[in-house]
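Structural overview for review
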Amino acid sequence: MTPTLPFDLVVRGGTVVTPGGTVATDVGIREGKIVALGDLGAATTAATFEARGLHVLPGVIDSQVHFREPGGLHKEDLATGSTAAVLGGVTAVMEMPNTEPPTTTAAALTEKLTLARGRVRCDIAFYVGGALDNLDDLDDLERLPGCAGVKIFMGSSTGRLLVEHDERLAQALSRGHRRVAIHAEDELRLRERRHLAAEAAHPRAHPVWRDAETALTATWRILALARRFGRPIHVLHVSTAEELEVLAMCKDLATIEVTPQHLTLEAPDCYERLGTLAQMNPPIRDGRHREALWAAVRSGLVDVLGSDHAPHTADEKHRPYPQSPSGMPGVQTLVPLMLDHVAAGRLSLERLVDLTSAGPARVFGIAGKGRVAPGFDADLTIVDLAARRTIRNGEQATRCGWTPFDGTKVVGWPMATVLRGKVVMRDGQVVGEPGGRPLRFIDAMPPSAAVE
Ligand code: DOR
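First, a word on scope: everything that follows refers to the structure included in this document. Since we're looking at a predicted model, the values are computed, not measured. (Residues numbered from 1 in each chain as written. Predicted model: local features only at pLDDT ≥ 70, side-chain atom pairs only at ≥ 80, totals over all residues. Heavy atoms only, no water.)

With respect to the pairing of strand β9 (residues 90-95)
Consecutive residues of a regular strand have side chains that alternate between opposite faces of the sheet. Put simply, the test is: Think of it in three bands: with a 1.4 Å probe and only protein chains considered, a residue is buried below 20% of the maximum accessible area for its type, exposed above 50%, and partly exposed in between. Only runs of H or I of at least four residues qualify as helices and only runs of E of at least two qualify as strands under DSSP, and these elements are numbered from the N terminus. The rule for pairing is simple: two strands pair if DSSP sees at least two bridges between them. The crossover handedness rule: strands pointing away from the viewer, path from first strand over the helix to second strand clockwise, crossover right-handed.
Counted residue by residue, β9 has 6 buried out of 6 residues, so it is predominantly covered. As defined by bridge partners, strand β8 (residues 60-65) adjoins β9 across 4 bridges and the pair is classed as parallel. Residue pairing for β9: Val-65 is matched across the bridge by Glu-95. As for the winding sense of the linkage, the β-α-β connection from β8 through helix α1 (residues 78-87) to β9 is right-handed.

Written out as structure tokens, the structure reads:
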């Protein structure tokens, strides 16, 4: 009888969320991959992780983060952002192009990949931003290694990326084939209504200025163009009931992201309580929209949860509205907040896993990730569903040092993060040297790599 090869790591005794159901099983890992599920009590292994009493989830993939490097290092960098990720149970991130310079060229993408090497604690890919001077190059750019795809801002937000007119958007969608991530707010309407924010001089006016119509108009426009070119799109941080109704008619083309903050916070309370800390684009809206987002999460209409981790310093945020920048950190609080929603019965653990692991892998075609199953990367988010904790500013690894959820009590907490078979976070401490690698995408691979 051939002796069974020893495992590098066995995660023992946990309750594991697998594609076939949530089951008590050990997970055997070798050379960074999951190779066995089952009772591995008798197996030889170099290391064991005792997971009794814990739930073992596929590694959480956050497909929308802003890590600010290069150009915004006083807010965040790739090292601090990815440390926040693994402390929060996140094993892979997809980083946005509105840095300075923006990621709009092959050289800028290469620069980010170089900066990431040896400094990121989770796996990572970088979006390329659509800009007026690169629209004809997007089909080449989106296929570069380490590229998460193309991201387009239809309305201006942080940074200077903007593609506002339909002819230009058509030019962008007509070149290339990967799914295009869209920030859908209508720039013309934003400009026409900006005086409302200035006049109110309080962030409670943020969802009045950037109203539901602003989001819906842009979503309609981009859906019409996506239909014209048969191009798949991914509508980021969907925030309105009306957009969901329209998107539900276009699931052959459009996937949908919602954020934990749109599911957790509500206007007007959040603006009265948190002021400009609750200011983001598109805005946090009232209970009617929040309820619609929850219904869409439960029904399966929503595809992924992304944190839209968008750090700004407390000083910047405390400028008088509307000079205050939009965005809040979130990569470290995504898992705790969502586990708390699971504990409260708002969604099942399995639905959460679909939104944070299987969903992003499916939507973006991420190679080898998103499931606890043989052959997949051994990325695991190990959580205690019963842990009672309080989210604290002092425990946030983001350089901005604050979270809108400071003081929030939650039930459920990430206890360990495993990246390709290595424990990279345990009990709130990072472990080992940064070993994150670029994500690989099925749609961007040359044929030889796809069958590797
Ligand atoms: O609120 C936001 N902040 N929305 C965005 O689209 C960009 C982000 C940022 O980068 O600060």
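On we go.
Some points on the environment of Trp-402
Convention followed: We call two residues in contact whenever any of their non-hydrogen atoms come within 4.5 Å of each other. We call two N or O atoms a polar contact when they sit within 3.5 Å, provided that within protein one can donate a hydrogen and the other can accept it, with sequence-adjacent residues counted only if both atoms are side-chain atoms.
Note that Trp-402 resides in the loop between β16 (380-390) and β17 (409-419). The class for Trp-402 is buried, based on a relative accessible area of 5%. If we ignore the near neighbours within four places in the chain, the residues touching Trp-402 are Leu-277, His-312, Thr-313, Ala-314, Lys-317, Gly-327, Met-328, Pro-329 and Asn-393. Engagement of the side chain of Trp-402 in a polar contact is seen with the backbone oxygen of His-312, the distance being 2.7 Å.

With respect to the sheet that holds strand β1 (residues 7-12)
The condition that has to hold: In this analysis an axis means a line fitted to C-alpha atoms, helices contributing only their contacting stretch, and an angle means the value between N-to-C directions, from 0 to 180 degrees.
If you trace the 4 strands from one edge of the open sheet to the other, you get β5-β4-β1-β6, paired in mixed fashion. Each edge of the open sheet carries a strand with a single partner, namely β5 (33-38) and β6 (45-50). Averaged over all pairs of adjacent strands, the angle between strand axes in this sheet comes to 20 degrees, irrespective of strand direction. Alignment of β1 against strand β4 (residues 26-30), held across 3 bridges, turns out to be antiparallel. Bridging across to β4, Leu-9 finds its partner in Ile-29.

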